[in-house]
Amino acid sequence: MSKFNIDNDAIRQLAELLDDTNLTEIEVAAGDNRIRVARQGLVAAPVAAPAAAAPVAAPAAAPIDAGSHPGAVKSPMVGVVYFAPEPGAAPFISVGSTVAEGQTLMLIEAMKTFNPIRAPKSGKVAQIVATDGHPVEYDETLIIIE
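None of the values given here were measured: they were computed from a predicted structure.

Quick notes on the rules
- Residues numbered from 1 in each chain as written.
- Predicted model: local features only at pLDDT ≥ 70, side-chain atom pairs only at ≥ 80, totals over all residues.
- Heavy atoms only, no water.
- Helix = DSSP H or I, 4+ residues; strand = E, 2+ residues; numbered from the N terminus.
- Buried < 20%, exposed > 50% of the residue type's maximum accessible area, 1.4 Å probe, protein only.
- Areas by Shrake-Rupley, 256 points an atom, 1.4 Å probe, with all protein chains shown as cover.
- Pairing = 2+ DSSP bridges.
- Polar contact = N/O pair within 3.5 Å; in protein donor to acceptor, adjacent residues only side chain to side chain.
- Contact = heavy atoms within 4.5 Å.
- Core = buried A, V, L, I, M, F, W, Y, C linked by side-chain atoms within 4.5 Å.

**Q** I tried to follow the overall build of the chain on my own but got confused; where do I start?
**A** Helix and strand counts for the chain stand at two helices and ten strands. Ordered by position in the sequence, the α and β elements of the chain form the string α-β-β-α-β-β-β-β-β-β-β-β. For the chain, the proportion of its 146 residues judged to be buried stands at 34%. Carbon and sulfur atoms form 54% of the exposed surface of the chain, whose accessible area is close to 8,900 Å².

**Q** What exactly am I supposed to notice about the sheet that holds strand β5 (residues 98-99) here?
**A** The strands that make up a sheet pair up through hydrogen bonds in the backbone, lying either parallel or antiparallel. The strand order across the open sheet formed by four strands is β3-β10-β8-β5, and the pairing between neighbours is antiparallel. For this open sheet the edge positions go to β3 (72-74) and β5, each flanked by a neighbour on one side alone. Relative to strand β10 (residues 141-145), strand β8 (residues 123-128) runs antiparallel, the two sharing three bridges. Counted as the bridge partner of V125 is I145 from β10.

**Q** How do you make sense of the pairing of β8 when you look at a structure like this?
**A** Along any regular strand, the residues point their side chains to alternate faces of the sheet. As paired elements, β5 and β8 share two bridges and run antiparallel to each other. Among the inter-strand pairings, V99 is bridged to a residue of β8, identified as G123.

**Q** Teacher, can you tell me more about the sheet that holds strand β6 (residues 104-110) here?
**A** Read across the sheet, four strands follow the order β7-β6-β4-β9 without closing on themselves; strand pairing throughout is antiparallel. Where the open sheet ends on each side, the last strands, each with one partner, are β7 (113-118) and β9 (135-136). In this structure, strand β4 (residues 79-82) lies alongside β9, joined through two bridges in antiparallel fashion. Counterpart to V80 in the pairing with β9 is P135.

**Q** What exactly am I supposed to notice about the side chain of S75 here?
**A** Counting through the fold element by element, S75 comes out in the loop between β3 and β4. Overall, the relative accessible area of 2% leaves S75 in the buried class. Here M77 takes part through its backbone oxygen, which lies 2.4 Å from a polar atom of the side chain of S75. The residues contacting S75, other than those within four sequence positions of it, are I108, V136, E137, Y138, D139, E140 and L142.

**Q** It is not clear to me how unusual backbone geometry should be interpreted in this structure. Could you clarify?
**A** Peptide bonds are trans in most cases, and residues, glycine excluded, mostly fall at negative phi. Positive phi, normally seen in glycine, also occurs at K112, with a value near 65°. Here K112 is to be found in the loop between β6 and β7.

**Q** Just to check I follow, could you spell out the nonpolar core for this structure?
**A** The nonpolar side chains of soluble globular proteins are, as a tendency, buried together. Core analysis: the biggest nonpolar cluster contains 17 residues, and F83, I93, L105, M106, L142 and I143 have the highest contact counts within it. Grouped together as the second largest cluster of nonpolar side chains are five residues, A10, I26, I35 and V37 included.

Distances and angles like these do not, on their own, reveal function.
What follows is the structure in structure tokens.
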């Protein structure tokens, strides 16, 4: 049985990096040794979100060509989209909402990290294309802002 030496300084540095970057977990590897540092309780609620579609999440009728619309907000990553900060909470947006540039529109969970998707411009939410709790692909249209 080999002895594994725990590098407490490395763990402290990784924990500080979590705090500095607002990440929920980080893992490093050197040879056969791995160190993983994760915050407990930060990820559980949104991951356990029920897949029941809220009225906000239902895709609207498609009178707008979502992919080529100049107000299309596209996914910057692959992940699962959530329209509320936690299960049971009010959604960030709904069709008809007025949003300001930089306002959080939704969260995309990628690799157990929740990434806020912010409005690239001010306007009115004309269409919600993505579905709450469902996967999205890179460059997929999420919503339309007019």
